[in-house]
Amino acid sequence: MKAIRRFTVRPVLPEPLRPLSDLARNLRWSWHAETRDLFQSVDPERWAVSDGDPVRLLGSVSPARLAELAEDRRFLRRLTAVSDDLADYVTGERWYQAQSGELPAAVAYFSPEFGITAALPQYSGGLGILAGDHLKAASDLGVPLIGVGLLYRHGYFRQSLSRDGWQQEHYPVLDPNELPLTLVEEPDGTPAQVQLALPGGRQLHARIWLAQVGRVPLLMLDSDVEENDLGERGVTDRLYGGGSEHRLLQEMLLGIGGVRAVRTYCRLTGHPAPEVFHTNEGHAGFLGLERIAELSDQGLDFDPALEAVRAGTVFTTHTPVPAGIDRFDRELVAHHFGPDAELPRIDVERILRLGMETYPGGEPNLFNMAVMGLRLGQRANGVSLLHGNVSREMFSGLWPGFDPAEVPITSVTNGVHAPTWVAPEVFRLGVRQIGAQRTEDALTVGGSDRWDAVGDIPDQDIWELRRSLREQLVDEVRRRLRASWRQRGAGTAELGWIDDVLDPDVLTIGFARRVPSYKRLTLMLRDRDRLMDLLLHPEHPIQIVVAGKAHPADDGGKRLVQELVRFADDPRVRHRIVFLPDYGMAMAQKLYPGCDIWLNNPLRPLEACGTSGMKAALNGCLNLSVLDGWWDEWFQPDFGWSIPTADGAGTDPERRDDIEAGALYDLLEQRVAPRFYERGRHGLPDRWIEMVRQTLTLLGPKVLAGRMVREYVERLYTPAAHAHRAMDPDSARELAAWKTRVRSAWHDVTVDHVETSAHMPTAELGTTLALRVRVGLGELGPDDVEVQAVSGRVDQEDRITDAATVPLKPAGGPDTENRWLYEGPLALDRTGPYGYTIRILPTHRHLASSAELGLVAVPSEETGEGGGVLMR
């Protein structure tokens, strides 16, 4: 029979065990080994059945066992020690508190998904795992972050396979009361709520759940409440589900409702109000509108409020392709804002202008969430050096007249949270070498360029560690594979072969990620005979573990999964290649450490960063990857291999895949596998072990989320906080008025005449030329602009590359037509074809970049030599 109503019965813990409840409700246990060990000792069998979830464990332990533990002095001493350690972790001074300078009082970090732990399944892939690692690293560093997201009652789907290998989706219902969450309540005990106004006088209500991530509170909004009608209750049903309106409502709740949730949380707890708002991808972009509305209610007009909001906003883009950005029809957005809906006091046209693609090549009727994020954020970044370049190209239409290199989008390369992803065995090896505290500091705070202590670990220890981790992976794969085949309908008698799947002494390759087409799950199948030869090689065999989910609406991705599964089902190779369904955090934590090689073969440059290879590297796994994302930035032959790319303009996709697959097979056959099996004098693969050592020594410190969050604090959060403080209402009004004045007068700004002291087509290195430039400023003055000489090497088409800029200074006052003479030196500091030009940019003390307004004046063709090449 089926229950008509469901509720959760919580255990009553004996008084001495009460700290267990606090430990279970702080997700630090997900990356703190001592806390997990404590919970495991409560009841090892139930701990395994609960998949390592302390809340589920405590809900299932018998009262008799709890009474027994309440009398167990040894257990109570361990409980006190772990509880005291958490209290010290949460309240003590950490890296952030030791910094000098005026750092932000708090930062609000918004993301549509967060991957903290498998016990809280609110993530689909890399974006969510990155957001979870960002929160954990911020907690370890003591950064006063507040996370903001949605609570999806079905999370992301669970994946299984049909008998013929087709992906099946399941959406288990998540009860927040059974998750490591706490309901945020008002002082009278009623649930705290936020509301959004919907068209037609309706309201969208949402409760606020709190997930405590170490020191960092994560606020999660839940629309499945009784006050909502059925349609509104389903707004937070699934991650990335539903049609356009459904997604729009999710993103309005995340952005607008999220700001209201932050205000509520700060009011109830006394947490400092955020000075900086960080939008992790465009999904949360509406947060800027809510903050504009707040300032409008305090008496600021729209334009000054926009400037005040921009000053304290950081926007991170994660996609290298326009198709990866959420875009909505103009009419749909207009329907949900204005007098009869949300933010009624803001003119709908002003809202629409923030997101419309009003630039060459844009779709004029589409509202683009990333474009709005860039227009609402004074600081923006991509997530690797290469992705920063791609983003500047992709969004250059927003800054007309500027070379892509000058588009104000920087980059902070992603990192991963080492305590989450480093296997306990690897951590223990570090502790043996340098002690527990130094190991913990190295993995969380970072700060060094090299981990030289790895050089002192004996080869034998490294090799035994790698084999032990590989053996654990083999056991895990067999367990999961058996469960998968049972789901596919196989009987026990059919599954004896699984006992021989994989071999702990064979070179093991991992490939696990989402399955969009650009990640090329099936590139390895391009030449099946060749792959089969590699798998079954008599002397240098390889084995491959594959996992990944296709989006439920992506039948193309599902066909790729099926193609891989059918190959892996072949009795000739099924002991050497496996596909594991339902890829998630729990599987990943076994997969990364157990593999010898992490394979990544996306279409370059479509991988914005890709962090799975970083997690593998922290466990001594070597990377074999296309030079994309982070690998393009940090690859060295000392610790991995690069797959050559065939990305010439004339290469069609089929031929490109053939060439790159061939290069992959060649690398595996000729270089990777032979090195793994090659033995030195002491029977060990010396050269392989040296590559593992170099991976840990040189890559380890770079790939840390602690390094990433420190960069955000130093390069983005702190400047944004300073800009926020400087943008008081009077300053915001002044900046908005200045921008209006400059934009309206810019058409009269001109470079009229350029002359130089040089009259020859050649000059010697080290020569300094005197430049004299006459410019027209119209209604503007020298305080409004900067006149620059831009110089550098020139290519065959006279385009300046590797440019350097020198500001010129006004000489005297204006003439009767408000034309000004500017002068300055130009040093010829490099040889070869050389050129310069002159440009005029707006300048103001509150601009974060001279390109911020997208305005620039350059010489016309008739101006003279200033527009072309000077020296050859």
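Cut-offs applied
Residues numbered from 1 in each chain as written. Predicted model: local features only at pLDDT ≥ 70, side-chain atom pairs only at ≥ 80, totals over all residues. Heavy atoms only, no water. Helix = DSSP H or I, 4+ residues; strand = E, 2+ residues; numbered from the N terminus. Rg over C-alpha atoms; globule rule 2.2 N^0.38 Å. Contact = heavy atoms within 4.5 Å. Areas by Shrake-Rupley, 256 points an atom, 1.4 Å probe, with all protein chains shown as cover. Lys, Arg positive; Asp, Glu negative; His and termini not counted. Charge placed at Lys NZ, Arg CZ, Asp CG, Glu CD. Buried < 20%, exposed > 50% of the residue type's maximum accessible area, 1.4 Å probe, protein only. Pairing = 2+ DSSP bridges. Right-handed = clockwise from strand over helix to strand, strands pointing away. 1 Å grid on protein atoms, 1.4 Å probe; cavity = no way out; pocket = protein on both sides within 12 Å on 5 of 7 lines; lining within 4 Å. Points joined across faces, edges and corners; volume = space filled by probe spheres on them. Nonpolar A, V, L, I, M, F, W, Y, C, P; charged D, E, K, R; others polar. Phe/Tyr/Trp six-rings, centres within 6.5 Å; stacked < 30°, edge-to-face > 60°. Salt bridge = Lys/Arg side-chain N within 4 Å of Asp/Glu carboxyl O. Patch = residues over 30% accessible without salt bridge, like charges linked within 9 Å, V, L, I, M, F, W, Y side chains within 5 Å. Axes fitted to C-alpha atoms, helices over the stretch in contact; angles between N-to-C directions. Parallel < 35°, antiparallel > 145°, perpendicular 65-115°, else oblique. Expected span 1.5 Å × (residues − 1). Bend = angle between axes of the 7 residues up to and from the residue. Core = buried A, V, L, I, M, F, W, Y, C linked by side-chain atoms within 4.5 Å. pLDDT = per-residue confidence, 0-100.

Along its length, the protein chain carries 28 helices and 28 strands. Computed over C-alpha atoms, the radius of gyration of the protein chain comes to 30 Å, within 12% of the 29 Å expected from 2.2 N^0.38 for 872 residues, which places it in the range of a compact globule. If one aligns the C-alpha atoms of the protein chain with their principal axes, the spans along those axes are about 95 × 70 × 50 Å. Residue pairs at least 24 apart in sequence account for 73% of intrachain contacts in the protein chain once pairs closer than 6 positions are excluded. Accessible surface, the protein chain: about 35,800 Å² in total, of which carbon and sulfur atoms supply 49%. Of the side-chain charges in the protein chain, 96 are positive and 124 negative, and the distance between the mean point of each set is 5 Å.

Our focus in this paragraph is the pairing of strand S2 (residues 145-150). With respect to burial, S2 is a largely interior element, six of its six residues being buried. Covered by surrounding structure in S2 are Leu-145, Gly-147 and Gly-149 together with Ile-146, Val-148 and Leu-150, the residues of both alternating faces. With four bridges joining them, strand S1 (residues 107-110) and S2 adopt parallel strand pairing. Its bridge partner lying in S2, Tyr-109 is registered against Gly-147. Considered for its hand, the β-α-β crossover made up of S1, helix H7 (residues 126-141) and S2 is right-handed. For S2 and strand S8 (residues 216-222), the ladder comprises four bridges, and the chain directions are parallel. Bridging across to S8, Leu-150 finds its partner in Leu-221.

Okay, the environment of Leu-667 next. By the secondary structure assignment, Leu-667 is in helix H25 (residues 653-677). Leu-667 sits in the buried class, given a relative accessible area of 7%. The spatial distance from the C-alpha of Leu-667 to the C-alpha of Pro-644 is 9.9 Å, given a sequence separation of 23 residues. The contacts of Leu-667, once residues within four sequence positions are left out, are Leu-624, Trp-641, Ser-642, Ile-643, Pro-644 and Val-672.

With that out of the way, let us pick up the layout of surface pockets. Its volume calculated, the second largest pocket comes out at about 790 Å³. Elements that contribute at least two residues to the lining of the second largest pocket include exactly helix H11 (302-311), helix H13 (348-355), helix H14 (369-376) and helix H28 (729-745). Within the lining of the second largest pocket, the residues separate by chemical class into 11 nonpolar, four polar and nine charged.

Counted under the stated rule, the structure contains 20 aromatic pairs. Centre to centre, the rings of Phe-286 and Phe-367 are 6.1 Å apart; their planes meet at 15°, and the pair counts as stacked. A residue pair is termed long-range when its members are at least 10 positions apart, and Phe-286 in the loop between strand S9 (276-280) and helix H10 (287-297) and Phe-367 in strand S12 (residues 366-368) qualify at 81 residues. The structure contains a cluster of three or more aromatic residues connected by ring pairs, namely Trp-463, Trp-641, Phe-676, Tyr-677 and Trp-688.

The next thing to look at is the pattern of salt bridges. All told, the structure shown has 66 salt bridges when counted by the stated rule. Across the pair Asp-596 and Arg-470 runs a salt bridge, and its minimum N-O distance is 3.0 Å. Placement of Asp-596 in the loop between helix H22 (585-594) and strand S18 (597-600) and of Arg-470 in helix H19 (residues 459-487) is noted, with a sequence separation of 126 residues between them. Accessibility assignment for this pair places Asp-596 and Arg-470 in one class, buried. Of the charged contacts in the structure, one is a salt bridge between Arg-526 and Glu-654, with a shortest N-O distance of 2.6 Å. Here the residue Arg-526 occupies a position in the loop between strand S15 (507-512) and helix H20 (528-535), and Glu-654 occupies one in helix H25, the gap between them amounting to 128 residues. Under the relative-accessibility criterion, Arg-526 is labelled partly exposed at 32%.

A cluster of basic side chains, namely Arg-73, Arg-74, Arg-77 and Arg-78, defines a positive patch on the protein surface. Residue placement: Arg-74 occurs in helix H6 (residues 73-91).

Turning our eyes to something else, we now look at the sheet that holds strand S21 (residues 750-756). The antiparallel open sheet is built from four strands, whose spatial order is S21-S22-S26-S25. The open sheet has two edge strands, S21 and strand S25 (809-810), and neither has a second partner. The pairing of S25 with strand S26 (residues 819-827) spans two bridges and is antiparallel. In the sheet register, Lys-809 faces S26, and the bridge partner there is Glu-823.

Here we take up the packing of H7 against helix H27 (residues 705-726). Running from N to C, H7 and H27 cross one another at 80°; their axes reach a closest spacing of 8 Å. Between H7 and H27, the crossing angle belongs to the class labelled roughly perpendicular. From H7, Leu-130, Asp-133, His-134, Ala-137, Ala-138 and Leu-141 reach across to H27, where they touch Ala-705, Gly-706, Met-708, Val-709, Arg-710, Tyr-712 and Tyr-717. The class makeup of the residues in the contact of H7 with H27 is nine nonpolar, two polar and two charged.

This brings us to H27. Compared with the 32 Å implied by 1.5 Å per residue over 22 residues, the 30 Å span of H27 between its first and last C-alpha is a close match. When the local axis directions of H27 are compared, the greatest deviation, roughly 40°, occurs at Val-713.

Met-524 and Trp-688 are the most contacted members of the largest nonpolar core, which totals 107 residues. The dominant element in this core, judged by the number of residues it contributes, is H25, at 10 residues. Leave out the neighbours within four places in its chain, and Trp-688 touches Trp-463, Leu-507, Asp-596, Ile-597, Leu-622, Trp-641, Val-672, Arg-675 and Phe-676. Of all hydrophobic cores here, the second largest spans 64 residues; its members include Trp-47, Val-55, Leu-135 and Ala-211.

Examined against the element boundaries, Asp-730 turns out to sit in helix H28. Remark: the alpha-carbon pair of Asp-730 and Glu-178, spanning 552 residues in sequence, is separated by 49 Å.

This part takes up the sheet that holds strand S16 (residues 542-547). Consider a sheet: its strands pair through backbone hydrogen bonds, and that pairing is either parallel or antiparallel. In space, the six strands of this open sheet follow the order S17-S16-S15-S18-S19-S20, with parallel pairing throughout. The open sheet has two edge strands, strand S17 (577-580) and strand S20 (640-643), and neither has a second partner. In this sheet, adjacent strand axes meet at a mean angle of 20° when their direction is disregarded. Pairing between S16 and S17: four bridges, direction parallel. Bridge pairing in S17 links Val-545 to Val-578. Packed onto the sheet, helix H21 (residues 555-568) meets S16 and S17 and runs at close to 135° relative to S17. The strands touched by H25 within the sheet are S15, S16, S18, strand S19 (622-626) and S20, with S20 carrying the most contacts at an inclination of about 165°.

This part covers the confidence of the model for the protein chain. Per-residue confidence for the protein chain gives a mean pLDDT of 93, with 97% of residues at or over 70. Note that pLDDT drops below 50 for residues 865-872; the model gives that stretch 39 contacts with residues more than four away or on any other chain.

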